[in-house]
Structures are given as C-alpha cells and as structure tokens.
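Summary of structural features
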Amino acid sequence: MEIRAATVLPARREPIELVTADGLTLVGELALPLERPPVATLVTLHPLPTHGGFMDSHVFKKASYRLPALADLAVLRFNTRGTSSERGTSQGTFDGGEGERFDVAAALEYAEYHDLPHVWVVGWSFGTELTLKWARDPLVEGAILLSPPLHRATDEDLDGWAAFGRPLTVLVPEFDDYLRPAEAIKRFARVPQAEVMGVEGAKHLWVGEPYVRIALDEIVKRVNPTAYPLPTEVDSP
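One structure accompanies this document, and this report is about it. (Residues numbered from 1 in each chain as written. Predicted model: local features only at pLDDT ≥ 70, side-chain atom pairs only at ≥ 80, totals over all residues. Heavy atoms only, no water.)

**Re the side chain of Thr169**
Considering the arrangement of structural elements, one finds Thr169 in strand E9 (residues 168-175). We classify Thr169 as buried; its relative accessible area is 3%. Only 3.3 Å separates the side chain of Thr169 from the side chain of Arg222, close enough to count as a polar contact. (Helix = DSSP H or I, 4+ residues; strand = E, 2+ residues; numbered from the N terminus. Buried < 20%, exposed > 50% of the residue type's maximum accessible area, 1.4 Å probe, protein only. Polar contact = N/O pair within 3.5 Å; in protein donor to acceptor, adjacent residues only side chain to side chain.)

**Some points on the pairing of strand E8 (residues 140-146)**
Counting buried positions over the seven residues of E8 gives six, a clear majority of the element. In this fold, the crossover linking strand E7 (residues 119-124) to E8 by way of helix H3 (residues 126-134) has right-handed handedness. Pairing of E8 with E9, which is carried by four bridges, proceeds in the parallel orientation. Its bridge partner lying in E9, Ala143 is registered against Leu168. (Right-handed = clockwise from strand over helix to strand, strands pointing away. Pairing = 2+ DSSP bridges.)

**Observations regarding the pattern of salt bridges**
Considering all chains together, one arrives at 16 salt bridges under this definition. A salt bridge links Arg81 to Asp22; the nearest nitrogen and oxygen atoms lie 2.8 Å apart. In this pair, Arg81 sits in the loop between strand E4 (73-78) and strand E5 (84-85) while Asp22 sits in the loop between strand E1 (12-19) and strand E2 (25-32), placing the two residues 59 residues apart along the sequence. Relative accessible area serves as the criterion here: at 5%, Arg81 is assigned to the buried category. Taking the shortest distance from any N to any O, the salt bridge between Glu98 and Arg101 comes out at 3.1 Å. Among the residues examined, Arg101 registers a relative accessible area of 35% and is labelled partly exposed. Ionic contacts of the salt-bridge type, sharing partners, join the residues Glu98, Arg101, Lys133 and Asp157 into one network. (Salt bridge = Lys/Arg side-chain N within 4 Å of Asp/Glu carboxyl O.)

**Concerning the environment of Pro192**
Note that Pro192 resides in the loop between helix H5 (181-187) and strand E10 (194-203). Assessed through its relative accessible area of 70%, Pro192 is described here as exposed. Sequence-wise, Pro192 and Phe164 are 28 residues apart; in three dimensions their C-alpha atoms are separated by 11 Å.

**As for the environment of Phe164**
Mapped onto the fold, Phe164 is located in helix H4 (residues 155-164). The buried category is assigned to Phe164, whose relative accessible area is 17%. For the pair Phe164 and Ser147, spaced 17 residues apart in sequence, the C-alpha separation works out to 21 Å. Apart from residues no more than four positions distant in its own chain, Phe164 is found in contact with Ala135, Arg136, Asp137, Pro138 and Val140. (Contact = heavy atoms within 4.5 Å.)

**A word on the pairing of E9**
E9 sits mainly inside the fold: six of its eight residues count as buried. Here seven bridges tie E9 to E10, and the two strands are oriented parallel to one another. For Pro173, the partnering residue across the bridge sits in E10 and is Val199. In terms of handedness, the path from E9 via H5 over to E10 forms a crossover that is right-handed.

**What to know about the sheet that holds E4**
Pairing within the open sheet is mixed, and its eight strands lie in the order E1-E2-E4-E3-E7-E8-E9-E10. With one partner strand each, in any of the chains shown, E1 and E10 form the two edges of the open sheet. Shown here is a sheet whose adjacent strand axes are inclined to one another by a mean of 20°, direction ignored. Pairing geometry for E7 and E8, over six bridges, is parallel. Looking across to E8, one finds that Trp120 is bridged to Gly142. (Axes fitted to C-alpha atoms, helices over the stretch in contact; angles between N-to-C directions.)

No statement about biological role is implied by the geometric values presented.
Encoded structure:
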C-alpha cells in the first residue's frame, strides 16, 4: 500500500492535557508505537496561531499519522495558549511568543513525567521561534527547525543555543516567504553546531507530499537514523 497524504498508520493515540506554570490547561495528543515503546520523542511546536497554525498543521499531523509506525517515535502535539483545533481549545490567549514559554515548559515536563525517551523538539515557523527561545532545557537532546523566520528569535537566542550545545538542524525552503537558504546560512553561523539544509522547490508551508516526505525523512534521520529513509509503501492491513 502506497503511503499517501491521507494515510493513517496504526498507533496508540491518546488525548492529553498540559498544565502550565501560570495555570492554563492546554489540549494535545500523544501518538505512540502500537506494540512497543518509543525509541525517541518529538515534541512539536506549531506555526503561528494568528495565521492558521495549530497542532493539526499538516506536517505535524502527518508525523503523528506515520512516525510511530514507521520510525518507533512518540509524537506529542498540542495547541499553544488560545489556539483551537478539533481536539479543543487551549486556555489563555496568544502572547506573541512570550507567555508561550510556559507552554513549551509544560510539554517538556509532560514528556519527562511520562518517561518519554530521547526528547527532540521540532518547531515549524512560529514554533521555531519558541524552540530557539524557550526549549534550551537539559531534557532536550536536539532540535529541528522547519521554515525559521527569525523574527522573534534574536541573535541573542541564537547565541544561547550555541552555548546550549545541542544539535540543531535547520530545514529552509528554497522559496520561503521569510528566510531563504543563503541568508539562513549567514544567520545561523552564530551556532557552530547548526546544520542548515536548503530544500529545493519547497515553500514556507511545505505544501505537497514530496516536501512532507523530505521533512519527515530529515527528522527521522536525526532522531532515529536506523529508520531512515522512511518507506513509501507499507504492507496492506
């Protein structure tokens, strides 16, 4: 069976709630491999909620549909404060990336409390800003950024990640609306351990199955390289 855009592979999927230090309840979902423990964990941080970003943004939804089965990964998705999806609405209001520090901390605390292994943070667009600013936590083994705009994240945040020392992979679409590969290489030069990869033909929103596959492949290559490259077909149930 060919894996298509709408393919949903078997996994244990459970609704979760995160409680922030400032007293908000955030809604989310944890997807786990069906019959075995995960080998690593993705904590995903979604694009800008004021421009349609939420936990169901398509790359992350497809990660939850595929990666527990194909790469033995746990995929944690959630709505940041004030964000809605089919799962529900997280309490609070959008705070431009500042109050969201508590949202990031709550997700990492959930992963730690539930003994989820080898945590990597995957941020997309606005989520990359949250990653650079607020995910420098000892629990985090590395991070992957999709389409970083570097609007809210400053050189000081990049220097902070450089000092943090954890691996950083930066996937930059060739035709991104905000930051393109050549400029990204210059900006991320402040982070010696950063690997910047331009993605030919891709745009900021990673529309199109070929680009989704590139993104998921590059994530898996860093987080569970034994599962790379991901298959494009699976046995029919």
